[in-house]
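Structural overview for review
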Amino acid sequence: MLDFSKFLKYSKPGPRYTSYPTALEFSDAYGYDEYIQKIQNQDPSRPLSLYFHLPFCRNACYFCGCNVVFTSKEDKMLRYIEYLKRELKILSSHLDCNRQVIQMHFGGGTPTFFTAEQLKVIIDEIKSYFPNFIDGAEISCEIDPRHIDEDQMRVMSEAGFNRVSFGIQDFNEKVQIAVHRVQPYEVTKNAMDLARKYNMVSVNVDLIYGLPFQTLETFKETLRLALTLDPDRFAIFNYAHVPWMKKTMRKIDETTLPMPDEKLQIMQYTIDFLTSHGYKMIGMDHFAKPEDELFKAIKKGELHRNFQGYTTKGGADLIGVGLTSIGEGVDSYNQNFKDMKEYEKAIDDGKLPFERGVVLNEDDLIRQYVIMELMSNFKLDIRRFEKLFNIEFKTYFADAIEALKPFAEEELLTMDENYIECSETGTLLIRNIAMPFDAYMKKHAASKKTFSKTV
Ligand SMILES: C[S@@+](CC[C@H](N)C(=O)[O-])C[C@H]1O[C@@H](n2cnc3c(N)ncnc32)[C@H](O)[C@@H]1O
């Protein structure tokens with residue numbers, strides 16, 4: 001049984017750990033030449049995972065925390081395609097593109113803001129450089145249901161896309177107006193029907209709790225409607241309100257945001273509702289049908305986490321292409337320019353648009369392993385860790401073990417010589433449980449305005 005009474009006191013700012021170290025540690029101390037060397041020296045037997053950032057949206061959704069460019073200008077988008085092509089060409093002069101591709105993701109922004117023809121141009125160009133997509137590669141796209149038509153879905157399906165993710169956020173009209181994203185149920189339903197017609201293997205929908213004017217009652221109705229769409233996965237995000245970083249979030253009247261106790265009730269109801277309708281909880285914000293591969297992977301302790309969230313595909317080098325995109329190698333993270341002018345200038349100069357990143361030292365790699373295991377599988381196999389790093393866990397992490405004792409006393413986790421394992425309630429507080437292993441936490445502890453709250 002989940003125990004919600006324990007949550008409120010844990011509500012404090014904390015990272016989501018899509019990477020460790022987090023993006024706050026990315027800097028220009030990791031220079032261009034070193035980056036080029038790293039991608040040139042990648043182990044060719046490791047497969048590739050490709051991420052393409054297609055940043056355009058017509059209008060701002062006020063809650064949005066993503067890196068987005070607002071435009072309605074066709075020429076801006078065509079120009080971006082040309083730069084993507086040139087970036088791919090430069091990339092191919094440094095990276096062995098004949099390696100196997102096991103995964104590709106189009107994220108945004110709104111990738112389907114590009115027309116069917118434009119999407120086809122982008123996909124064909126990618127495949128001309130990367131000829132070795134494996135059979136059954138996981139190919140996915142984020143879709144705003146207000147911007148998808150049959151031609152686009154057909155182009156994606158023919159190109160091997162087998163997963164889509166629809167942004168819903170909330171079905172309540174008052175909430176939708178407050179966040180500047182009016183999206184009637186029928187619009188989402190049509191998008192869902194298209195995905196089914198074109199045989200997408202897995203359809204995910206995103207909802208957010210913590211948005212303006214949401215109450216337990218309104219969210220119950222949102223969930224009821226979302227369930228009628230019969231998605232394979234739900235991502236139910238806790239609204240990350242960071243108006244000091246995202247200007248458009250300042251348009252949200254903070255007095256209309258639900259209080260933490262209301263949010264907890266929403267979360268509690270969501271878990272009860274989805275699990276009683278056949279979905280399994282996967283960590284803090286994901287639910288999937290039991291036959292879904294995410295659920296099978298977690299049972300085997302083989303779930304991984306990267307910038308796109310949870311994945312069953314570990315052990316690949318992630319290559320990010322496009323404005324602001326992030327890549328990940330064995331011991332480094334790298335990010336492209338966020339500013340379009342700088343992005344274009346780098347490519348005009350014949351360089352990859354790399355802006356900054358971080359190279360992991362030995363301590364980072366050790367902590368990365370622990371944090372990612374906890375974040376993905378909610379369990380750490382201490383013996384396996386000790387073998388891998390040749391380190392005594394209880395000595396190396398004496399501080400963290402001490403910090404986790406209150407969690408153990410509250411039955412949020414169990415800890416012995418062999419395992420740290422979260423209870424079901426503990427999985428919801430996984431960010432808090434991972435934080436004691438984060439060496440950079442102390443540096444940021446004084447600043448309240450760094451991370452969103454964990455509850
Ligand atoms: C790049 S966006 C969505 C793609 C597409 N443009 C759409 O709007 O449907 C990916 C998802 O991140 C989630 N998201 C965005 N901003 C968020 C925030 N501030 N807090 C929590 N989740 C957020 C939303 O659920 C969104 O669907």
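What you are looking at is a predicted structure, and each value in this text was computed from that prediction instead of being measured. (Residues numbered from 1 in each chain as written. Predicted model: local features only at pLDDT ≥ 70, side-chain atom pairs only at ≥ 80, totals over all residues.)

1. Some details on helix α11 (residues 362–377)
Taking 1.5 Å per residue as the helical rise, α11 with its 16 residues ought to reach 22 Å, and the 22 Å between its terminal C-alpha atoms agrees with that figure. Residues of α11 that are buried: I366, R367, V370, I371, M372, E373, L374, M375, S376 and N377. Buried residues belonging to α11 abut α9 (293–299), β11 (304–306), β12 (309–311), β17 (379–381), α12 (382–389) and α16 (430–434). (Helix = DSSP H or I, 4+ residues; strand = E, 2+ residues; numbered from the N terminus. Expected span 1.5 Å × (residues − 1). Buried ≥ 20, exposed ≤ 12 C-beta atoms within 10 Å, placed from the backbone. Contact = placed C-beta atoms within 7 Å.)

2. A short note on unusual backbone geometry
Here the residue pair Y20 and P21 is connected by a cis peptide bond, since its omega of -5 degrees sits within 30 degrees of zero. Within the secondary structure, P21 sits in the segment before α1 (32–40). With omega at 10 degrees, the peptide bond leading from G108 into G109 counts as cis. With respect to the helices and strands, the residue G109 is situated in the loop between β4 (101–108) and α3 (116–129). Although it is not a glycine, F213 sits at a positive phi angle of roughly 65 degrees. Its place among the elements puts F213 in the loop between β7 (202–209) and α7 (216–228). The backbone of T324 sits at a positive phi, close to 65 degrees, despite the residue not being glycine.

3. Focus: the pairing of strand β15 (residues 332–336)
Across the five residues that make up β15, a large majority, four, are buried. Sheet topology note: the strand β14 (residues 326–329)/β15 ladder contains four bridges and is antiparallel. When the sheet's bridge partners are listed, G327 is paired in β15 with N334. The antiparallel hairpin formed by β14 and β15 contains two residues in its connecting segment. (Pairing = 2+ DSSP bridges.)

4. A few points about the domain arrangement of the chain
As far as domains go, the chain holds domain 1 (19–319) and domain 2 (362–436). Just the C-alpha atoms count here: the centres of domain 1 and domain 2 sit 28 Å apart. The interface is formed by 10 residues belonging to domain 1 together with 13 residues belonging to domain 2. Grouping the amino acids of the side of domain 1 that touches domain 2 by side-chain chemistry returns six nonpolar, three polar and one charged. (Domains from an automatic or database assignment. Nonpolar A, V, L, I, M, F, W, Y, C, P; charged D, E, K, R; others polar.)

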